[in-house]
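# Working through the structure, step by step
Next come the chains, spelled out residue by residue.
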Amino acid sequence: MKSKSTVSGVEATVLKRSGREPRYSGYENIDVFVVDNFPALGKMTALRFLEWVQENPEGVMSLPTGRTPEYFIKEVRRFLDHWDTKDIRNELSEWGVDSGRKPDLSGLRFVQIDEFYPINPRHHNSFYNYVRRYYFEEFGLDPERALLINCEDIGLPGGESLEEFWASGRVDLDLRYRVAKTERERREQEAIRHVDQWCVEYEEKIREMGGIGFFLGGIGPDGHIGFNVRGENPHTSTRLTRVNYETQAAAATDLGGIEVAKDRLVVTIGLETITYNPNAVAIIMAAGESKKQVVADAVEGERHVKIPASALRDLPNARFYLTEGAACGLRKRNLLGFQEKKELSPRDIELRVIELAFGLGKRIVDLREADYKNDEFGRILLNRTKQPAAELNRCTSDSIRAKIEAGMKVRQNTRFLHTEPHHDDVMLGYLPSVVRHIREHSNYHYFATMTSGFNAVTNQYALTLCRKMQHALMKNRAHFAELLDQDYFSDRRFRDHDVWTYLDGLAANSEELQNEGTLRRFFRCLVEIFEEEDIDELLERVRELTNYFETQYPGKKDLAHIQRLKGMFREWESACLWGFFGWNQEAVENLRLAFYKGEIFTEEPTIERDAMPVRDLLHRVRPDVVSVAFDPEASGPDTHYKVMQAVSAGLKLYSEETGRDDLRVLGYRNIWYRFHPAEVDVFVPVSLNMLTLQHHAFMSTYISQKDASFPSYEHDGPFSELAQQIQVEQYEKLATCLGREFFYEHPSALIRATRGFVFLREMSLDEFSRHSRELRRVAENR
């Protein structure tokens, strides 16, 4: 008989503060605990872990890798380091933790959850290295009491090293079943059997210890737990296995690109490894709206192989720890939140009406009283608003039409400052709106990228450019000598000539001219980085760079000057994009905010280091409209959130110093997040012509990104294709709400040509500042 779930002291505190039950029968199949934000999630999880250690000082536990446990690690360290201080003791008591028993982690037995295979354990992107650095060094765990997945410990035939034996990085698992045809294949087949046997023994060791007593994990984009991906048998044990595309895409950043990730296998404990101990505390933590669907499936969905987390339901102490964003897809909790609102805002009403129409596949105008009464949210709407269905339909339809009309309008005599965290965020977020305002020649535009974006450039792409540069300097030395004599690389006005040369090549379909423009800019970058104009010296530098990119393992953190060079490659691409539309270097800014350093856990922005450069930029540009990547929660690609805070602080300083409070802020989202139609104020129409321009411009200028080495898990291809997919999906949603006849028979050719939409949220400076301050307050638990 299945045991009943027991709520711990920490969990009871969370429930009391939230006013929620751990589980709602008829809706949820596993316990859920929700806090406001990402840092609070880390604190709750840390306290529950320490609470468990108090009762199990020699227990067996597994902890996750990646970015999700950032605040868990920080909070465990904070509590342990200051346990005996008055403030920490008070905080522990407030959370229901016995402050009189400081946990000792040295007696714990650690079990590593998973690892890429093959991977050198000393590489900084190996999970083995991660757990050694963040758990053994930070928490004081005893390595002698740990089970770790060190790929070098898994025997290989002939005594070769891991990297020598698997030089290609590819392991053919078909050799498990087919006949080996060559001596090389026979040796690889033997190696795979060595790994398989090692996995069996790893599993046996876990079970001999009684199984895992405390399991903390994240949940992947396909719902994977550990590396147990969608479709896995829930009775799996530790094994060497392949993973699906979504998981490969999520791992691409760690491994240096999807090209590498697609060749990597994984060693992972199985779902039954996690559930073997019936008394195990198994916690899945998730943050951010991007996880809301996989969380909803895991909590509310059927028990099925397509939902790996559903295998955890056999454990009475399995639960989900979530932020509000990750929990926003849970129906009963949404319903309770909706019921408890003191007032329903127009956005609240609009969201529920749109969801009802979209769920039924009906035009809003065709929704009937019975449709509302048959829906839990609909019944609340009728009761709270005291409005008939026809009036709710009319108001929402009118609002949608008004937002479309707002998107048709073009500002005049306006100065725009388009800000973006990375070099392609504006393009992928709202290029159609930018282009329409560029075509109004009374407007002026500035484009500012806030970070250097070097993480998005692969070693292979950089190596290709280095080889081209080396060849050009050896074969056409006189050409570069002539340019040097003309002060081409020291006179800033010639920077634009690099761009115009490249664009001439695009227009003429000339690869030679395109390479000429690219290599001129590359040479210019070398001159700036190495402060050298001697061709022989620079040729030697290029040879050094070539050797670097040939020998460094993918995903390794680069040296500072390599990061700078890769960032310059991205800046070159951005210059070419805006050159497409005639904007020169005076209109393109690269702030390279210093909080962005390529670490696993990104630093917080500061006023002096990060906000002041934004303020100075605002003084130079004097904009009327400022755009900002407007993400919902401090999680996921948190560079976006941190850039938003830097921009917000810079705007506040600028407004105080100039007295300007009339600026308008445009919030946009790109391929990582979606707006709901009710959240925004402007629907910008996108035609087939614009979709074609968007894709062509991306593929022609963002050359380092055209192969999609760091793709979204949603799409196996370049980001421009995903941006189009999103814009078309947004059109389809509005077409459902208004009916296709609205578009097909509209008096405006612009709307008849529309096949996609960009969603934008327009705010006053005060509204944006309030939102940003509130987000920062909850994110920092103030």
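Above this note sits the structure.
The present account deals with the structure reproduced in this document. These numbers were taken from a predicted model, which means no experiment stands behind them.

Each helix and strand in the protein was counted, giving 30 helices and 17 strands. Its C-alpha radius of gyration of 28 Å places the protein within 12% of the 28 Å reference for a compact globule of 782 residues. Here the C-alpha coordinates of the protein stretch approximately 80 × 75 × 60 Å along the principal axes. A buried classification covers 60% of the 782 residues belonging to the protein. In the protein, the proportion of contacts linking residues at least 24 apart, taken out of those at least 6 apart, comes to 78%. Carbon and sulfur atoms provide 46% of the accessible area of the protein, an area that totals close to 32200 Å². Of the side chains in the protein, 104 bear a positive and 123 a negative charge, and the two mean positions are spaced by 4 Å.

Below, the discussion takes up the state of the cysteines. Scanning the entire structure with this criterion turns up zero disulfides. Lacking any disulfide linkage, Cys151 is separated from the closest cysteine sulfur, that of Cys199, by 9.6 Å. In this model Cys328 remains outside any disulfide bridge; the closest cysteine sulfur is found in Cys737, 18 Å from its own. When its relative accessible area of 26% is taken as the criterion, Cys328 is described as partly exposed.

Moving on, we get to the sheet that holds strand 8 (residues 265–268). Hydrogen bonds between backbone groups are what pair the strands of a sheet, and the pairing can be parallel or antiparallel. Overall, antiparallel pairing links the three strands, which are arranged 4-8-7 in an open sheet. This sheet does not close on itself; its edge strands, each paired only once, are strand 4 (114–117) and strand 7 (239–241). The average angle at which neighbouring strand axes cross in this sheet is 25°, direction not considered. Here three bridges tie strand 7 to strand 8, and the two strands are oriented antiparallel to one another. Bridge pairing in strand 8 links Arg239 to Thr268.

Another point: the pairing of strand 4. Going residue by residue along strand 4, you find Asp114 and Phe116 tucked away on one face and Glu115 and Tyr117 tucked away on the opposite face as well. Pairing analysis gives four bridges linking strand 4 to strand 8, with the strands arranged antiparallel. Bridge assignment links Tyr117 to a residue of strand 8, and that residue is Leu265.

In this structure the tally under the stated criterion is 45 aromatic pairs. Judged by centre distance (5.9 Å) and plane angle (40°), the ring pair of Phe110 and Tyr135 falls under tilted. With Phe110 in strand 3 (residues 109–111) and Tyr135 in helix 5 (residues 127–139), the pair connects residues that are 25 residues apart, well separated along the chain. For the pair Phe110 and Tyr135, one class covers both residues: buried. Ring plane angle 40° and centroid distance 6.2 Å describe the contact between Trp578 and Phe581, whose orientation is recorded as tilted. Grouping residues by exposure puts Trp578 and Phe581 together as buried. In this structure, Lys74 is placed above the aromatic ring of Tyr71, and the distance from its NZ or CZ to the ring centre is 5.0 Å.

Before going further, it helps to spend a moment on the nonpolar core. Soluble globular proteins tend to pack their nonpolar side chains together in the buried interior. Core analysis: the largest hydrophobic core is formed by 71 residues, its most contacted members being Tyr117, Trp166, Phe215, Phe320 and Leu322. For this core, the leading source of residues is helix 7 (residues 183–208), giving seven residues. When neighbours within four sequence positions are excluded, Tyr117 is seen to be in contact with Cys151, Ile154, Leu156, Leu162, Trp166, Val171, Val195, Leu240, Arg264, Leu265, Val266 and Val267. One finds Ile354, Ile380, Leu417 and Leu591 within the second-largest nonpolar core, a separate group that totals 60 residues.

The subject of this paragraph is the side chain of Ser99. Note that Ser99 resides in the loop between helix 4 (86–94) and strand 3. Given the relative accessible area of 14%, Ser99 is considered buried. Not counting residues within four places of it along the chain, the set of residues in contact with Ser99 comprises Trp83, Arg89, Leu92 and Ser93.

Moving on, we get to the sheet that holds strand 16 (residues 682–687). Reading across from one edge, 13-12-11-14-15-17-16 is the order of the seven strands in this open sheet, with mixed pairing throughout. Where the open sheet ends on each side, the last strands, each with one partner, are strand 13 (588–590) and strand 16. For this sheet, the mean angle separating the axes of adjacent strands, direction not counted, is 25°. Relative to strand 17 (residues 754–764), strand 16 runs antiparallel, the two being bridged by six bridges. Of the residues in strand 17, the one forming a bridge with Val686 is Gly756. Each of strand 11 (415–420), strand 12 (444–449) and strand 13 touches helix 23 (residues 560–580); the most contacted strand, strand 13, lies at about 165° to it. Contacts from helix 24 (residues 607–621) reach strand 11, strand 12, strand 13 and strand 14 (625–629), with the element oriented near 155° to strand 11.

This next bit is on the environment of Asn317. Relative to the assigned elements, Asn317 resides in the loop between helix 11 (292–300) and strand 10 (318–323). With 39 residues separating them along the chain, Asn317 and Pro278 place their C-alpha atoms 8.6 Å apart. A distance of 3.3 Å separates a polar atom in the side chain of Asn317 from the backbone nitrogen of Thr6.

Here strand 6 (residues 214–217) shows a buried face lined by Phe214 and Leu216 and a second buried face lined by Phe215 and Gly217. As defined by bridge partners, strand 2 (residues 60–62) adjoins strand 6 across two bridges and the pair is classed as parallel. Looking across to strand 6, one finds that Ser62 is bridged to Phe215. Taken together, the four bridges between strand 6 and strand 9 (residues 281–286) define a ladder with parallel strand orientation. Residue Phe214 lies in a different strand from strand 9, and its bridge partner there is Val281.

Turning our attention to unusual backbone geometry. In this structure, Pro118 follows Tyr117 across a cis peptide bond, with omega equal to -5°. By secondary structure assignment, the location of Pro118 is in the loop between strand 4 and helix 5. Phi angles above zero are rare outside glycine, and Asn413 is one such case at about 50°. For Asn413, the position within the fold is in the loop between helix 16 (389–408) and strand 11. Non-glycine residue Asn509 carries a positive phi angle of around 55°. With respect to the helices and strands, the residue Asn509 is situated in the loop between helix 20 (495–507) and helix 21 (511–530).

So, about the packing of helix 26 (residues 688–701) against helix 27 (residues 719–738). Where helix 26 meets helix 27, the closest approach of the two axes is 9 Å, and the angle between their N-to-C directions is 160°. On the basis of the axis angle, helix 26 is roughly antiparallel to helix 27. Between helix 26 and helix 27 the crossing geometry is right-handed. Judged by residue contacts, Leu691, Gln694, His695, Phe698 and Met699 of helix 26 engage Phe719, Ser720, Glu721, Ala723, Gln724, Gln727 and Val728 from helix 27. Residue classes in the contact of helix 26 with helix 27 are distributed as six nonpolar, five polar and one charged.

Before going further, it helps to examine helix 12 (residues 331–340). Given 3.6 residues per helical turn, the α-helix brings residues three or four places apart onto the same face. Among the residues of helix 12, Lys332, Arg333, Leu335, Leu336 and Phe338 are the ones counted as buried. On the buried face of helix 12, the contacting elements are strand 1 (31–35), helix 11, helix 13 (346–360) and helix 15 (376–385).

Its location among the elements puts Lys566 in helix 23. With a relative accessible area of 3%, Lys566 lands in the buried category. Between the C-alpha atoms of Lys566 and Phe757, which are 191 residues apart in sequence, the distance is 33 Å. In contact with Lys566, other than residues within four places in its own chain, are Phe454, Val457, Thr458, Asn459, Phe549 and Asp558.

About the criteria used
Residues numbered from 1 in each chain as written. Predicted model: local features only at pLDDT ≥ 70, side-chain atom pairs only at ≥ 80, totals over all residues. Heavy atoms only, no water. Helix = DSSP H or I, 4+ residues; strand = E, 2+ residues; numbered from the N terminus. Rg over C-alpha atoms; globule rule 2.2 N^0.38 Å. Buried < 20%, exposed > 50% of the residue type's maximum accessible area, 1.4 Å probe, protein only. Contact = heavy atoms within 4.5 Å. Areas by Shrake-Rupley, 256 points an atom, 1.4 Å probe, with all protein chains shown as cover. Lys, Arg positive; Asp, Glu negative; His and termini not counted. Charge placed at Lys NZ, Arg CZ, Asp CG, Glu CD. Disulfide = S-S within 2.5 Å. Pairing = 2+ DSSP bridges. Axes fitted to C-alpha atoms, helices over the stretch in contact; angles between N-to-C directions. Phe/Tyr/Trp six-rings, centres within 6.5 Å; stacked < 30°, edge-to-face > 60°. Lys NZ or Arg CZ within 6 Å of the ring centre and 35° of its normal. Core = buried A, V, L, I, M, F, W, Y, C linked by side-chain atoms within 4.5 Å. Polar contact = N/O pair within 3.5 Å; in protein donor to acceptor, adjacent residues only side chain to side chain. Parallel < 35°, antiparallel > 145°, perpendicular 65-115°, else oblique. Left-handed = near helix turned anticlockwise from the far one by under 90°. Nonpolar A, V, L, I, M, F, W, Y, C, P; charged D, E, K, R; others polar.

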